[in-house]
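# Inside the fold
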Amino acid sequence: MTGTETVQSFSVPNYSGILYNKANTKTPFLNMISGKTKYTNSVEFVCGQYYTSEEGAIPAISETASLTAPDATFVTRAQNSNVTQIFMESVAISYAKQSNMATLSGVNIAGQVANPQYELSFQVAQKMDKIKRSIEKTFIQGTYNKATTDATINKTRGIVEAITTNVVTAGTKPLDIWLVNDAQQEIYDAQGDISNLYLWTNTVGLNQLQADAIKWGMKMGEPYMSAYGVQVWDIILPLGTVHIALGEFLPSGTALLLNFDVIGPVEQPVPGKGNFFLEPLAKTGAGEKYQIFGQIGLDHGPEWYHAKITGLTTTFTKPTPTIDVNVTNSTDAPVNTKEVSA
């Protein structure tokens with residue numbers, strides 16, 4: 001244990017007052033899939049078996065031909081898998097710091113106490129927030145790698161990499177309802193389930209979509225909270241309703257259309273300890289050091305149940321306000337309607 005890695009009295013001074021976190025700790029993707037957690041005792045886990053049924057056809061069989069049975073055919077199956085990966089953090093705090101929580105820095109007013117009162121609990125909570133954000137980013141942007149030696153790294157496949165069948169290229173256009181409709185159509189044509197789709201986008205995409213909806217005389221519904229605490233908006237497209245949510249860690253110019261019914265985290269617990277547990281490390285001096293350890297991967301389900309839109313513009317241009325002007329002839333009968341800038 002060295003001073004550079006350990007919480008000490010002067011490296012982390014005590015203050016009074018309400019705590020406000022300036023960092024982004026949002027994990028909407030994790031929130032949405034938290035109720036579908038699975039467990040494994042293997043690094044590699046199955047995301048499902050996949051097969052393609054034979055296409056139907058109009059038969060052309062004569063009575064004579066029917067006396068001989070047709071040649072037999074069969075349908076093959078394939079398996080898709082992913083892996084868990086390690087997430088690990090450490091926290092160290094000196095005995096002197098733990099016994100010095102009544103010493104305050106900054107403004108000192110009689111009767112005030114340090115907030116937080118327990119430094120270790122605070123530091124552990126911050127590490128857990130970091131781990132959750134790391135998992136969120138990994139589940140979105142992670143690139144697959146299956147370790148072949150103890151020195152190589154298992155990397156879980158994120159949802160962006162997983163989607164290969166249904167890809168809509170925007171061609172440097174803003175996100176609009178027709179691009180979302182195209183992505184929904186891709187899932188439908190690939191025999192995916194479109195009954196409960198979520199458009200995962202950023203604030204630029206949300207603004208673009210709202211502006212485009214208004215342009216076509218539509219409007220996204222009022223925002224509401226999903227069952228897992230994620231704010232969503234609804235928009236009705238020709239193939240059905242799509243829920244819209246603000247995502248994190250989306251690659252630049254990319255939006256996702258996701259079916260969360262088939263997505264879930266897969267945890268790999270350590271026997272007798274669980275997953276993402278806190279345990280003390282060997283003591284080397286007047287302080288304590290702990291580690292947090294966990295293993296988790298993404299079950300993205302059948303990838304053709306999802307779609308991604310790429311090549312979107314990354315800045316939002318506000319639409320020009322317009323008004324309708326009716327032009328009439330001498331008989332006061334309207335002959336056309338023009339839309340002009342306000």
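Residues numbered from 1 in each chain as written. Predicted model: local features only at pLDDT ≥ 70, side-chain atom pairs only at ≥ 80, totals over all residues. Heavy atoms only, no water.

### Re the sheet that holds strand β9 (residues 240-246)
- With mixed pairing, the 7 strands of this open sheet are ordered in space as β5-β14-β10-β6-β9-β8-β7. A single partner strand is all that each edge strand has here, and the edge strands are β5 (167-173) and β7 (224-225).
- In the packing of helix α6 (residues 203-215) onto the sheet, the strands contacted are β6 (197-201), β8 (231-237) and β9, and the crossing angle to β9 comes to about 145°. (Pairing = 2+ DSSP bridges. Helix = DSSP H or I, 4+ residues; strand = E, 2+ residues; numbered from the N terminus. Contact = heavy atoms within 4.5 Å. Axes fitted to C-alpha atoms, helices over the stretch in contact; angles between N-to-C directions.)

### Thoughts on the environment of G48
- Secondary-structure assignment places G48 in strand β2 (residues 44-51).
- Remark: the alpha-carbon pair of G48 and P302, spanning 254 residues in sequence, is separated by 7.0 Å.
- Sequence-distant contacts of G48, that is, excluding residues within four places in its chain, are made with A78, Q79 and N80.

### Overview of the pairing of strand β12 (residues 277-280)
- Here β12 shows a buried face lined by F277 and E279 and an unburied face lined by L278 and P280.
- One ladder, built from 4 bridges, connects β12 with strand β13 (residues 287-299); its direction is antiparallel. Within β13, the position partnered with P280 by the bridge is Y290.
- The hairpin formed by β12 and β13 contains 6 residues between the paired strands. (Buried < 20%, exposed > 50% of the residue type's maximum accessible area, 1.4 Å probe, protein only.)

### Considerations on the nonpolar core
- Core analysis: the largest hydrophobic core is formed by 28 residues, its most contacted members being F29, I159, W200, L258 and F260.
- For this core, the secondary-structure elements that each account for two or more residues are α1 (28-33), β4 (85-94), α3 (119-141), α4 (159-162), β6, β10 (255-259) and β13.
- Among the elements that line this core, the one with the most residues is α3, at 5 residues.
- With 25 residues, the next largest nonpolar core counts L175, I177, V180 and I187 among its residues. (Core = buried A, V, L, I, M, F, W, Y, C linked by side-chain atoms within 4.5 Å.)

### What about the packing of aromatic side chains?
- Scanning the entire structure with this criterion turns up 9 aromatic pairs.
- Between F29 and F139 the ring centres are 6.5 Å apart and the planes differ by 75°, which places this aromatic pair in the edge-to-face class. Separated by 110 residues along the polypeptide, F29 in helix α1 and F139 in helix α3 bring together distant segments of the chain. The two residues F29 and F139 agree in class, both being buried.
- Here the aromatic cluster, defined as three or more aromatic residues joined through ring pairs, consists of F29, F139, Y198, W200 and F260.
- In this structure, R157 is placed above the aromatic ring of Y144, and the distance from its NZ or CZ to the ring centre is 4.3 Å. (Phe/Tyr/Trp six-rings, centres within 6.5 Å; stacked < 30°, edge-to-face > 60°. Lys NZ or Arg CZ within 6 Å of the ring centre and 35° of its normal.)

### Section: the pattern of salt bridges
- Under the criterion given, the structure shown has 9 salt bridges.
- Salt-bridge contacts for K132 lead to D129; the nearest nitrogen and oxygen are separated by 3.5 Å. Separated by 3 residues within a single helix, K132 and D129 lie in helix α3, roughly one turn from each other.
- In this structure K132 comes out as partly exposed when scored by relative accessible area, which is 38%.
- Look at D129 and you get partly exposed, because its relative accessible area is 23%.
- What you see here is one network of salt bridges that share partners, running through E89, K127 and K130. (Salt bridge = Lys/Arg side-chain N within 4 Å of Asp/Glu carboxyl O.)

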